[in-house]
Amino acid sequence: MAKNNKTSFFCKECGYESSKWLGQCPSCKQWDTFVVGDMSIDSDLGINFSTNEEYTPKALAQIQTNKEDKMTTGFKEFDEVLGGGIIKGSLILLGGSPGIGKSTLLLQLCSNMGKNGKKILYVSGEESLKQIKLRADRIGKFSDNIEFIATNNIQIIKNVLLKNEKYDLLIIDSIQTMSMGHDDSLPGSIKEVRETSQFFFKLSKELEVATFLVGHITKEGLVAGPKILEHMVDTVLYFEDDNIKNLRLIRCKKNRFGSSNALAVFEMGEKGLESVSNPSEIFLQGKPSNASGCTITCILDGNRPILLEIQALVTKTSFGNPRRNVNGSDYNRLNLLIAIIEKRLGLPLYEYDIFVNITGGMRVNEPSLDLPIIVSILSSYKNQATDTESIYCGEVGLSGEVRAIDSINIRINEAMKLGYKKIFIPKANLEKIDKKLLSNYNNIEIKPVTNIIN
Ligand code: TYD
Ligand code: MG
């Protein structure tokens, strides 16, 4: 067994590796997370599936593919996110915070795919078989070609896979509970996650069984475990909340087989997750049309677009000094924006208390928030509700001019996917818009803005 005896330091939170100790992790920015560890991986993982595949180089024309290589999940939108269905032999990471519905979604997928005669093995390292059954009873019917096993031992899983006839799909819930079964194994540790995920990588390729790895997410929104997990798999999906309507979104962060900006929207119901094909209806319903002071904007967290509601309340000051407060963004920036409104629009805001709130408990410091904050303040001041189908994004300069912001196409795409009809953006961003993107949607209006005066 070849072993590379390298001792290095690695971050407990995200698995970042370094040859020396560091106070702060350059990758996840956490302090005091470096520990010394032997990160060497047995190059022989105990897997040796001898396949008849000849290791001779081939030209593309010699490689056979057929339509059946893609399996449908039974959810149209989910298939789209995956690039047309689950590709045979692909390894898919499904990350999400606890309780978001990862196990529920995968169980439903089993139920759907079982009806199409697919053979599936569902491995749970978190729940007992009885618990799985209780949940499955809520969801629907399961045919006998879906088998369940409750274990966290890789060797057992390997034996089951090799002994039985070929499975089409393998589900590992979750990768953090899996263990190599050595004496010193510690499930969930960086080393273990690394080894087990490498095992499943080899397994999915060699046995040609598509595999879902469920991954838990740390509070920073990273899959708990080494980054190598994301590099190794073919597809990285994130399951998350939308912050506004409690919808569940499946977002693709990486996909070797399809577009990476696809999005599937679900709603959690009594019988599990339901696909939402027209999210705008849900976004718009329940919002009173006479609520002034609310606007929706799209911010970016890294490369990930997030829709947020900005609320403002402007009321007459009853004491001498007007009060200003902002929840979730920069206080000084708010004062600056108020000063811009006073000067450029000539409104007597010094007689008013102003409160601004970013809903969903997020903290955002992004210039693109300027325009929606100003629109919310004006809407509350004038007691006029804004249009519920609109999204506002833009930075505002001292003379009231609306300045260009970055990643405009990502924001527009997200807004359109979720069914918004009008998008107010800085005029300077107009030429950067991808025409192809707009052609996918009809009746969408892009409204360029140059200055807050108009
Ligand atoms: P779960 O799928 O176990 O989440 P994860 O695997 O990501 O940790 O949990 C989903 C949540 O949804 C749980 O709080 C219970 C709830 N739920 C429903 O509301 N309806 C349902 O039909 C089911 C099965 C779960
Ligand atoms: Mg679960």
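See the structure above.
Values in this document were obtained by computation on a predicted structure and should not be read as measured data.

Colleague: Before we move on, could you go through the overall build of the chain and cite the residues and values that matter?
Modeller: Helix and strand counts for the chain come out as eleven helices and 23 strands. In the chain, which comprises 454 residues, the proportion classed as buried is 49%. With the model as given, the accessible surface of the chain reaches about 22100 Å², and the carbon-plus-sulfur share is 49%.

Colleague: Before we move on, could you go through the site of ligand 1 and cite the residues and values that matter?
Modeller: Taken together, the neighbourhood of ligand 1 is formed by 15 residues, with Gly99, Lys102, Ser103, Thr104 and Gly272 sitting nearest. Separating an oxygen atom of ligand 1 from a side-chain N or O atom of Ser103 is a distance of 2.6 Å. Arg138 places a polar side-chain atom, nitrogen or oxygen, 3.0 Å from a nitrogen atom of ligand 1. Put simply, the parts of the chain that give the shell around ligand 1 at least two residues each are α2 (102-115), α3 (129-139) and β13 (263-269). Among the elements that take part in the shell around ligand 1, α2 stands out by supplying three residues, more than any other. Here the shell around ligand 1 is composed, by residue class, of three nonpolar, seven polar and five charged.

Colleague: So what's going on with the packing of aromatic side chains? Which residues, and what values?
Modeller: Going through the model one piece at a time under the given rule, you end up with seven aromatic pairs. Judged by centre distance (5.3 Å) and plane angle (90 degrees), the ring pair of Phe199 and Phe200 falls under edge-to-face. Judged on exposure class, the residue Phe199 and its partner Phe200 are both buried. Here Tyr352 and Tyr381 contribute two aromatic rings whose centre-to-centre distance is 5.2 Å and whose plane-to-plane angle is 75 degrees, an arrangement assigned as edge-to-face. With Tyr352 in strand β18 (residues 352-358) and Tyr381 in helix α9 (residues 370-382), this residue pair connects regions lying 29 residues apart in the sequence. Site record: aromatic cluster; members linked through ring pairs are Tyr122, Phe142 and Phe148.

Colleague: Which residues make up the nonpolar core, and what values do they have?
Modeller: In this structure, Phe78, Ile86, Leu105, Leu169, Phe212, Leu237 and Ile250 are the most contacted members of the largest nonpolar core, which totals 33 residues. Top contributing element to this core by residue count: α2, with six residues.

Colleague: Quick one: what's the story with unusual backbone geometry, residue by residue and with numbers?
Modeller: Residue Ser174 follows Asp173 across a cis peptide bond; omega there is 5 degrees. Counting through the fold element by element, Ser174 comes out in the loop between β9 (169-173) and α5 (190-207). For Glu208, which is not glycine, the phi torsion reads 55 degrees and is therefore positive. A relative accessible area of 43% means that Glu208 is categorised as partly exposed. In this structure, Asn383 is a non-glycine residue whose phi angle is positive, near 55 degrees. Considering the arrangement of structural elements, one finds Asn383 in the loop between α9 and β19 (390-392).

What counts as what
- Residues numbered from 1 in each chain as written.
- Chains lettered and ligands numbered in written order.
- Predicted model: local features only at pLDDT ≥ 70, side-chain atom pairs only at ≥ 80, totals over all residues.
- Heavy atoms only, no water.
- Helix = DSSP H or I, 4+ residues; strand = E, 2+ residues; numbered from the N terminus.
- Buried < 20%, exposed > 50% of the residue type's maximum accessible area, 1.4 Å probe, protein only.
- Areas by Shrake-Rupley, 256 points an atom, 1.4 Å probe, with all protein chains shown as cover.
- Near = heavy atom within 4 Å.
- Polar contact = N/O pair within 3.5 Å; in protein donor to acceptor, adjacent residues only side chain to side chain.
- Nonpolar A, V, L, I, M, F, W, Y, C, P; charged D, E, K, R; others polar.
- Phe/Tyr/Trp six-rings, centres within 6.5 Å; stacked < 30°, edge-to-face > 60°.
- Core = buried A, V, L, I, M, F, W, Y, C linked by side-chain atoms within 4.5 Å.

By themselves, these are just geometric observations and shouldn't be taken as functional.
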